[in-house]
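Chain by chain, the residues run as shown.
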Amino acid sequence: MSDTPKHARFRTLLILGAPGSGKGTQGKVLGSIPRFHHLACGDVFRSLDTRTPLGQKFVEYSSRGELVPDDVTVALWHANVKHRVEAYLFKPEIDFLVLDGIPRNVEQARILEKHIEVLRVFHLSCPDRTELARRLRKRALKDNRFDDANESVIQQRFATYEAETKPILDYYSGDRIVNIDASQPPAKVLYDILGGVMTLDAWKELEKMKI
Ligand code: ADP
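So, here's what we can say about the structure. (Residues numbered from 1 in each chain as written. Predicted model: local features only at pLDDT ≥ 70, side-chain atom pairs only at ≥ 80, totals over all residues. Heavy atoms only, no water.)

### Comments concerning the overall build of the protein chain
No. 1: Across its full length, the protein chain holds 10 helices and five strands.
No. 2: The C-alpha atoms of the protein chain give 17 Å as radius of gyration, which agrees with the globular expectation for 211 residues (17 Å, within 12%).
No. 3: Across its three principal axes, the protein chain shows a C-alpha extent of roughly 50 × 40 × 30 Å.
No. 4: Counting only residues that meet the buried cut, the protein chain has 49% of its 211 residues in that class.
No. 5: A fraction of 77% describes how many contacts in the protein chain between residues 6 or more apart in sequence connect residues 24 or more apart.
No. 6: Both charge centroids of the protein chain, one from 32 positive and one from 29 negative side chains, sit 3 Å from each other. (Helix = DSSP H or I, 4+ residues; strand = E, 2+ residues; numbered from the N terminus. Rg over C-alpha atoms; globule rule 2.2 N^0.38 Å. Buried < 20%, exposed > 50% of the residue type's maximum accessible area, 1.4 Å probe, protein only. Contact = heavy atoms within 4.5 Å. Lys, Arg positive; Asp, Glu negative; His and termini not counted. Charge placed at Lys NZ, Arg CZ, Asp CG, Glu CD.)

Next comes the structure, spelled out in structure tokens:
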């Protein structure tokens, strides 16, 4: 799979937004719909055994609100997606790949270029950082997320998002970007995302296929 030919790049929908903007919630719901396969980079990291060197690296960086280095992140992502293809969990010929949490900076976007064809970038926008911090504190308790429990780590994660992740919007600029108000109820955010999917030629082709 490392020498994936250009035409065989995964047809990909990106969900982009600050921590707490609802990327994971939307990704999970979308991934439960046939022909959409959700892959959250944070979930892949959290599934690592923390006794392994890579697991420890994840704890080290995420507990500071920083990004794990690009080389290990992309290698882990690639191994994970390859496994999903081989296990027929993700079927690239008929499924959209819904990525959440990766790419998380422009360098990752560049490296992933040979594997993914980005059709849409759904930008879940919520300028109200107080609301996002409130959601994160709630999640820290419910999902046992250590990186959401501490106020200074939360602020660092917002800063990392602004400095490293948001520039991705310029990298993918143009009509691929769909800005969505992330302060709306989850069902309305999903409605807006699906609206953006259904105008895609790739979606129209899929609709015609009898699977
Ligand atoms: P959220 O959904 O709140 O934005 P994630 O679960 O996606 O958070 O990620 C949690 C942490 O995992 C990040 O703060 C970062 O340390 C690490 N991480 C996840 N994805 C990446 C990535 N693509 N590159 C580098 N680090 C990552």
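### Concerning the site of the ligand
No. 1: Taken together, 20 residues form the shell around the ligand, and within it Arg46, Glu66, Gly101, Arg139 and Arg157 come nearest.
No. 2: Note that an oxygen atom of the ligand is positioned 2.6 Å from one of the backbone N or O atoms of glutamate 66.
No. 3: Among the elements of the structure, helix 2 (41-46) and helix 3 (53-62) are those that each provide at least two residues to the shell around the ligand.
No. 4: If you tally residues by element for the shell around the ligand, the top one is helix 2, at four residues.
No. 5: Taken together, the residues that form the shell around the ligand break down as seven nonpolar, five polar and eight charged. (Near = heavy atom within 4 Å. Polar contact = N/O pair within 3.5 Å; in protein donor to acceptor, adjacent residues only side chain to side chain. Nonpolar A, V, L, I, M, F, W, Y, C, P; charged D, E, K, R; others polar.)

### Some remarks on unusual backbone geometry
No. 1: The amide bond that connects isoleucine 102 to the next residue, proline 103, takes the cis arrangement and shows omega of -5°.
No. 2: With a phi close to 60°, tyrosine 88 is a non-glycine residue in the positive phi region.

### As for helix 3
No. 1: Among all positions in helix 3, only Gly55, Phe58, Tyr61 and Ser62 are buried. Along the long axis of helix 3, the arc covered by the buried residues comes to 135°, so they all point the same way.
No. 2: On its buried side, helix 3 packs onto helix 2 and helix 7 (151-165). (Arc of directions from axis to C-beta.)

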